[in-house]
Amino acid sequence: MPVITLTTDFGTGSPYVAAMKAKLLAGCPDAVLVDVTHTVPPFAILSGAFLLWAGTRDFPPGCVHLAVVDPGVGGVRRAVALQLNGSWYVGPDNGIFGQVLEELGRPGLAVELRRPPDASATFEGRDVFAPAAAALAAGTPASELGTELEGEPVRLPRREPSVLWVDTFGNLITALKPPVSGVRVNGQDVRVGAPTYSQAPWNTPFFYVGSLGYIEVGVREARADQRLGAGPGTPVEPL
Amino acid sequence: MPVITLTTDFGTGSPYVAAMKAKLLAGCPDAVLVDVTHTVPPFAILSGAFLLWAGTRDFPPGCVHLAVVDPGVGGVRRAVALQLNGSWYVGPDNGIFGQVLEELGRPGLAVELRRPPDASATFEGRDVFAPAAAALAAGTPASELGTELEGEPVRLPRREPSVLWVDTFGNLITALKPPVSGVRVNGQDVRVGAPTYSQAPWNTPFFYVGSLGYIEVGVREARADQRLGAGPGTPVEPL
Amino acid sequence: MPVITLTTDFGTGSPYVAAMKAKLLAGCPDAVLVDVTHTVPPFAILSGAFLLWAGTRDFPPGCVHLAVVDPGVGGVRRAVALQLNGSWYVGPDNGIFGQVLEELGRPGLAVELRRPPDASATFEGRDVFAPAAAALAAGTPASELGTELEGEPVRLPRREPSVLWVDTFGNLITALKPPVSGVRVNGQDVRVGAPTYSQAPWNTPFFYVGSLGYIEVGVREARADQRLGAGPGTPVEPL
């Protein structure tokens, strides 16, 4: 059964998520729907790009990943479907696929989606992206949904390494990759390393290779973000 | 595969939602379950009625929509299943179906559900409504689940037009329908109109026809609710 | 279709939940996934044990219940699969299954799960528990996933009766079972009993037998937790 995942900034409990699922199931009745997250901060394309990648990277080829963080809805930004690693990524061409593109390289196929004439100008997630995602999941060739994308999809801006995300436990997921011998965060040097939380000293920030393959900074059973005064966007440096 | 949606005020992460899903899957193993929302404010029938309608209106006929916002659980209010537009709405007869009734008209069939003698007096969502919803999704005739409803189902109270809901982005969904040439909200006249956010001026409240067919008021990439001091229930007037 | 439920402390909207679901669907493509909760307070094994039991008790035999509240991830605590009442419970052996064990008795089968050599040291939910849960749901014999558990699984500590959980409405779910003629909570005696909220007096704490079979304390359409200054862990005594 085809898997379709959803990543949005609609908020927990928004009826707009169900509205998109109505269209997904109408177009692909046997789809398995998996929520990645609906709590991307409003309009936060950079955060959304990270969460989309983090929540979809473990799915096998053959899935459809729908992402709607879309402050430019109804305007001139393009609507796209990008094929990467055998799966389709569907949403606005505003950078939301930037982290996936950084990790997975150039898309195999890239289509600019046609906009149905009766689509709402404020909710293309329901009227453009969900129908396209459902069609792709149901096996419709992408060429029937639009035309080949001209040029490149929008990528993330070049930027200094920073904290990409803070998880529920307060751990900092940084943009650094191993190997490092430490991390400087917010002017503080973290030089203690440990393989996992339960092997780290108590009450001490430490770094480790996280489950996403990036360097993370944590404090055992406590919040590294509060301890270090850091959050998404805080600059980091390798030591 | 039959679709069953869920709308409750149980809160994010409540194990009571899973308890209802256990009964839904026991009674209809091939059902596809879709959460509309579980963050209706506690006991807020008017908000729940709006969210139920907003989250289910895009589903095709043949679905079952379960709604449990039920301060009168275990008491004298009736348990009902209402057939509207070819789908079933199942829950307490306390007004939770009021917005759906306003939009879709009188039910085709209406049944007062039988209460199993061993049902919990505090959780009929699990013991009355979920089993009935599952049975309807599995094709059981409604007549086997109870008796024809006497009189009319409870409707929403007559009320002045107001803000029905504030979405995650701070946009105001009002009870007004187009055409209008503006909206008065909380004593402030909003006369700027735009087709969508990305075509609106910055930093200025504007009105538009939202994706639900109602007039909405927004501020481009900012929060109209804070800007205008408005929230659910704030009166609105067409200009 | 096999049902797999998920109970974690990953937080609402965490991409790590989707990562586990990717592995669940890879190992058991026709599984029906049901979220119990992802808002167990971080590292709170006692709360998690309650929510796991409350959210899974209504499922029939033959399900797989995955629970990941796991401060000791990557360390010496064991990874287990316990068969209770015909369903499998999969997760860390740290007490998270304590409430289920108290309610359902000793496991029929108990297996210490093998750890794949390439498993992340910080996310065994994705790399150890989800693959094992999927395999069990797909019919793999437990003996292929590890070895018979030595000794007993970890149980909850012995403790005085207390408030186990506060629901979204502010009702106190206590560890007391009926019959009682009242409950002392935080030094206050609650002697008024009622079968359900809508039959209770207004503005008065009352006790009732809740839908989980425990004694609960509520205030009609108001918050008993605030009224009585009580929360999870507040001691209670039967009267």
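This section reports on the structure supplied with the text. (Residues numbered from 1 in each chain as written. Chains lettered and ligands numbered in written order. Predicted model: local features only at pLDDT ≥ 70, side-chain atom pairs only at ≥ 80, totals over all residues. Heavy atoms only, no water.)

1. Notes on the interface of chain A and chain B
Many structure descriptions define interface size as the accessible area lost when the parts assemble. Contact residues are listed per partner, giving 28 residues for chain A and 33 residues for chain B. For the chain A and chain B pair, buried surface summed over both sides reaches about 2300 Å², with 65% attributable to carbon and sulfur atoms. Residues Arg126 of chain A and Asp58 of chain B are paired through a salt bridge, measuring 3.8 Å at the closest nitrogen-oxygen approach. At the surface where chain A touches chain B, the tally comes to eight residue pairs in polar contact (both at pLDDT 80 or more). Take the side of chain A that touches chain B: its biggest share by element is eight residues, from helix α1 (residues 15-27) of chain A. Broken down by class, the residue content of the side of chain A that touches chain B amounts to 14 nonpolar, nine polar and five charged. (Contact = heavy atoms within 4.5 Å. Buried area = accessible area lost by both parts, 1.4 Å probe. Salt bridge = Lys/Arg side-chain N within 4 Å of Asp/Glu carboxyl O. Polar contact = N/O pair within 3.5 Å; in protein donor to acceptor, adjacent residues only side chain to side chain. Helix = DSSP H or I, 4+ residues; strand = E, 2+ residues; numbered from the N terminus. Nonpolar A, V, L, I, M, F, W, Y, C, P; charged D, E, K, R; others polar.)

2. Quick look at the interface of chain C and chain A
Between chain C and chain A, the residue contacts involve 28 residues of the former and 33 residues of the latter. Buried surface at the junction of chain C and chain A, both sides included, amounts to about 2400 Å², of which 65% is carbon and sulfur. If you sort the residues of chain C by the area they bury against chain A, Pro15, Tyr16 and Thr122 of chain C come out on top, with a joint share of 25%. Here chain C is connected to chain A by eight residue pairs in polar contact (both at pLDDT 80 or more). Ranked by residues supplied to the side of chain C that touches chain A, first place goes to helix α1 (residues 15-27) of chain C with eight residues. Among the residues making up the side of chain C that touches chain A, the classes are represented as 14 nonpolar, nine polar and five charged.

3. Concerning the environment of Val40 of chain A
Residue and element names in this part refer to chain A. Inspection of the secondary structure assignment puts Val40 in the loop between β2 (32-37) and α2 (45-56). Sequence separation between Val40 and Trp202 is 162 residues; the distance between their C-alpha atoms is 31 Å. Apart from the residues lying within four places of it in its own chain, the contact partners of Val40 are Thr7, Thr8, Asp9, Ser47, Gly48, Leu51 and Val69.

4. Quick notes on the relation of the copies chain A and chain B
Superposing chain A onto chain B takes a rotation of 120° plus a shift of 0.0 Å along the axis, which leaves an RMSD of 0.0 Å. Taken together, these values place the two copies in the relation of a three-fold axis. Considering only C-alpha atoms, the part of chain A nearest the rotation axis is Thr12 of chain A, at 4.6 Å. Looking at the interface residues of chain A, only 4% of them are also at the interface in chain B, so each copy uses its own face. (Least-squares fit on C-alpha atoms with pLDDT ≥ 70 in both.)

5. Considering the pattern of salt bridges
All names here are of chain A. This structure, assessed with the given rule, holds 45 salt bridges over all chains. Among the salt bridges present, the one from Arg77 reaches Glu124, with a minimum N-O distance of 3.0 Å. Residue Arg77 is located in the loop between β3 (64-68) and β4 (79-84), and its partner Glu124 is located in helix α4 (residues 124-137); the two are separated by 47 residues in the primary sequence. The burial state of Arg77 is the same as that of Glu124; both residues are buried. (Buried < 20%, exposed > 50% of the residue type's maximum accessible area, 1.4 Å probe, protein only.)

6. Some remarks on the sheet that holds strand β6 (residues 110-113) of chain B
Residue and element names in this part refer to chain B. What the seven strands build is an open sheet, ordered β2-β1-β3-β5-β4-β6-β7; its pairing is mixed. Both edges of this open sheet fall to β2 (32-37) and β7 (146-148), since each of them pairs with a single strand only. Here the strands of the sheet are splayed against their neighbours by 25° on average, with no regard to which way each runs. Bridging between strand β3 (residues 64-68) and strand β5 (residues 87-92) involves three bridges; their strand directions are parallel. Considered in β5, the bridge of Leu66 is made with Val90. (Pairing = 2+ DSSP bridges. Axes fitted to C-alpha atoms, helices over the stretch in contact; angles between N-to-C directions.)

7. Brief notes about helix α2 (residues 45-56) of chain C
Counted at 1.5 Å a residue, the expected span for α2 of chain C with its 12 residues is 16 Å, and the 16 Å between its end C-alpha atoms agrees. Across the 12 residues of α2 of chain C, 11 count as buried, placing the element largely inside the fold. (Expected span 1.5 Å × (residues − 1).)

8. Some points on the pairing of strand β1 (residues 3-8) of chain B
Residue and element names in this part refer to chain B. Of all six residues that make up β1, six are buried, and the element is covered over most of its length. As paired strands, β1 and β2 are joined by five bridges and run parallel to one another. Opposite Ile4, over in β2, you have Leu33 as the bridge partner. Once you follow β1 into helix α1 (residues 15-27) and on to β2, the crossover reads as right-handed. The sheet contact formed by β1 and β3 spans five bridges and is parallel. Residue Thr7 lies in a different strand from β3, and its bridge partner there is Ala67. (Right-handed = clockwise from strand over helix to strand, strands pointing away.)

9. A few points about the relation of the copies chain C and chain A
For the pair chain C and chain A, the best superposition has an RMSD of 0.0 Å and corresponds to a rotation of 120° with a translation of 0.0 Å parallel to the axis. Mapped onto chain A, only 4% of the interface residues of chain C are again interface residues, and the two copies thus contact each other with different surfaces.

10. What to know about the packing of α2 of chain A against α1 of chain C
Interaxial distance between α2 of chain A and α1 of chain C falls to 7 Å at its minimum, and their mutual angle equals 25°. One way to sum up the angle between α2 of chain A and α1 of chain C is to call them roughly parallel. Here the hand of the crossing between α2 of chain A and α1 of chain C comes out right-handed. Within the contact between the two elements, α2 of chain A uses Leu51, Ala54 and Gly55 of chain A and α1 of chain C uses Pro15, Ala18 and Ala19 of chain C. (Parallel < 35°, antiparallel > 145°, perpendicular 65-115°, else oblique. Left-handed = near helix turned anticlockwise from the far one by under 90°.)

11. Overview of the pairing of strand β4 (residues 79-84) of chain B
Residues and elements named next belong to chain B. Most of β4 sits out of view: five of its six residues are buried. Where β4 hands over to β5, the hairpin turn is made up of two residues, of which Asn85 adopts a positive phi near 55°. Here three bridges tie β4 to β6, and the two strands are oriented antiparallel to one another. When the sheet's bridge partners are listed, Leu82 is paired in β6 with Ala110.

12. A closer look at the packing of α1 of chain A against α4 of chain A
Angle between the axes and distance between the axes are the two parameters that describe a pair of packed helices. Residue and element names in this part refer to chain A. Where α1 meets α4, the axes come as close as 8 Å, and the angle between the chain directions of the two elements is 35°. The way α1 lies across α4 gives a crossing that is right-handed. Across the interface between the two elements, Ala19, Met20, Lys23, Leu24 and Gly27 from α1 touch Gly125, Arg126, Asp127, Ala130, Pro131, Ala133 and Ala134 from α4. Of the residues belonging to the contact of α1 with α4, the class tally is seven nonpolar, two polar and three charged.

13. A look at the sheet that holds strand β14 (residues 236-238) of chain C
All names here are of chain C. As summarised here, the arrangement of the three strands in space is β11-β10-β14, forming an open sheet in which the pairing is antiparallel. The open sheet is flanked by β11 (188-190) and β14, the only strands paired with a single partner. On average, each strand axis in the sheet is inclined to that of its neighbour by 25°, with strand direction left out of account. Across three bridges, the pairing between strand β10 (residues 183-185) and β11 is antiparallel. Bridge assignment links Arg184 to a residue of β11, and that residue is Asp189.

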